[in-house]
Amino acid sequence: MKSQRKRHRKQRAHSITDLQSDMMSQPSDSCLPLAELKRSLYALFSQFGQIIDIVAMKTEKMRGQAFVIFKELAAATNALRQLQGFPFYNKPMVR
């Protein structure tokens, strides 16, 4: 069990630091509840592959950014290419 958690943590850390597996979105409505934002991102990105995590925060520094972490690099790369400039809450998604 311990080695499984360690492997998962290592895999997730790799996904977060790999630029191709991160995608940012900039929602225009800053009053959008965080749970609703994550649900919308999940619905949009899950068509490309299995999602491990969606990181979105409402802090001043991170407002308007969300990171979608995929299990497979190929899925992340495909999502990045397909959704570049896609309008999400009236703002284009950018890398």
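Before reading further, recall that the structure is shown in the block above.
Residues numbered from 1 in each chain as written. Predicted model: local features only at pLDDT ≥ 70, side-chain atom pairs only at ≥ 80, totals over all residues. Heavy atoms only, no water.

Draft legend 1. Spotlight on the overall build of the protein chain. Helices and strands together make up the secondary structure of the protein chain, namely 3 helices and 4 strands. The N-to-C order of helical and strand elements in the protein chain reads α-α-β-β-α-β-β. Across the 95 residues in the protein chain, those meeting the buried criterion constitute 31%. For the protein chain, the proportion of contacts with a sequence separation of at least 24, taken over those separated by at least 6, is 61%. (Helix = DSSP H or I, 4+ residues; strand = E, 2+ residues; numbered from the N terminus. Buried < 20%, exposed > 50% of the residue type's maximum accessible area, 1.4 Å probe, protein only. Contact = heavy atoms within 4.5 Å.)

Draft legend 2. Broad picture of the environment of Lys58. Topologically, Lys58 is positioned in the loop between β1 (51-56) and β2 (66-70). Assessed through its relative accessible area of 39%, Lys58 is described here as partly exposed. Within polar-contact distance, the side chain of Lys58 engages the backbone oxygen of Leu32 at 2.5 Å. (Polar contact = N/O pair within 3.5 Å; in protein donor to acceptor, adjacent residues only side chain to side chain.)

Draft legend 3. Structural context of the packing of aromatic side chains. Taken as a whole and assessed by the stated rule, the structure comprises 2 aromatic pairs. Ring geometry for Phe88 versus Tyr89: centroids 4.8 Å apart, planes at 90°, classification edge-to-face. (Phe/Tyr/Trp six-rings, centres within 6.5 Å; stacked < 30°, edge-to-face > 60°.)

Draft legend 4. Looking closely at helix α2 (residues 34-45). Taking 1.5 Å of rise per residue, the 12 residues of α2 would be expected to cover 16 Å, and the 16 Å separating its terminal C-alpha atoms lies within 8% of that figure. Within the sequence span of α2, burial applies to Leu37, Leu41, Leu44 and Phe45. Seen along its axis, α2 keeps its buried residues to an arc of 85°; they face one direction. Looking at α2, the residues exposed on the side facing more than 90 degrees away from the buried face are Arg39 and Ala43. For α2, the secondary structure elements touched by its buried residues are β1, β2, α3 (73-83) and β3 (87-88). (Expected span 1.5 Å × (residues − 1). Arc of directions from axis to C-beta.)

Draft legend 5. A look at α3. Every buried residue of α3 is accounted for by Ala75, Ala76, Thr77, Ala79, Leu80 and Leu83. Buried residues in α3 make contact with α2 and β2. Backbone geometry just downstream of α3 places Gly85 in the positive-phi region, at approximately 85°.

Draft legend 6. Fine view of the pairing of β2. Counting buried residues along β2, 4 of its 5 residues qualify, which places the element largely inside the surrounding structure. Where β1 and β2 come together, 5 bridges link them in antiparallel fashion. Bridge assignment links Val55 to a residue of β2, and that residue is Phe67. (Pairing = 2+ DSSP bridges.)

Draft legend 7. Quick look at the nonpolar core. Counting residues in each nonpolar core, the largest one holds 18 residues, and the members touching the most others are Leu41, Phe45 and Phe70. Those elements that place two or more of their residues in this core are α2, β1, β2 and α3. (Core = buried A, V, L, I, M, F, W, Y, C linked by side-chain atoms within 4.5 Å.)

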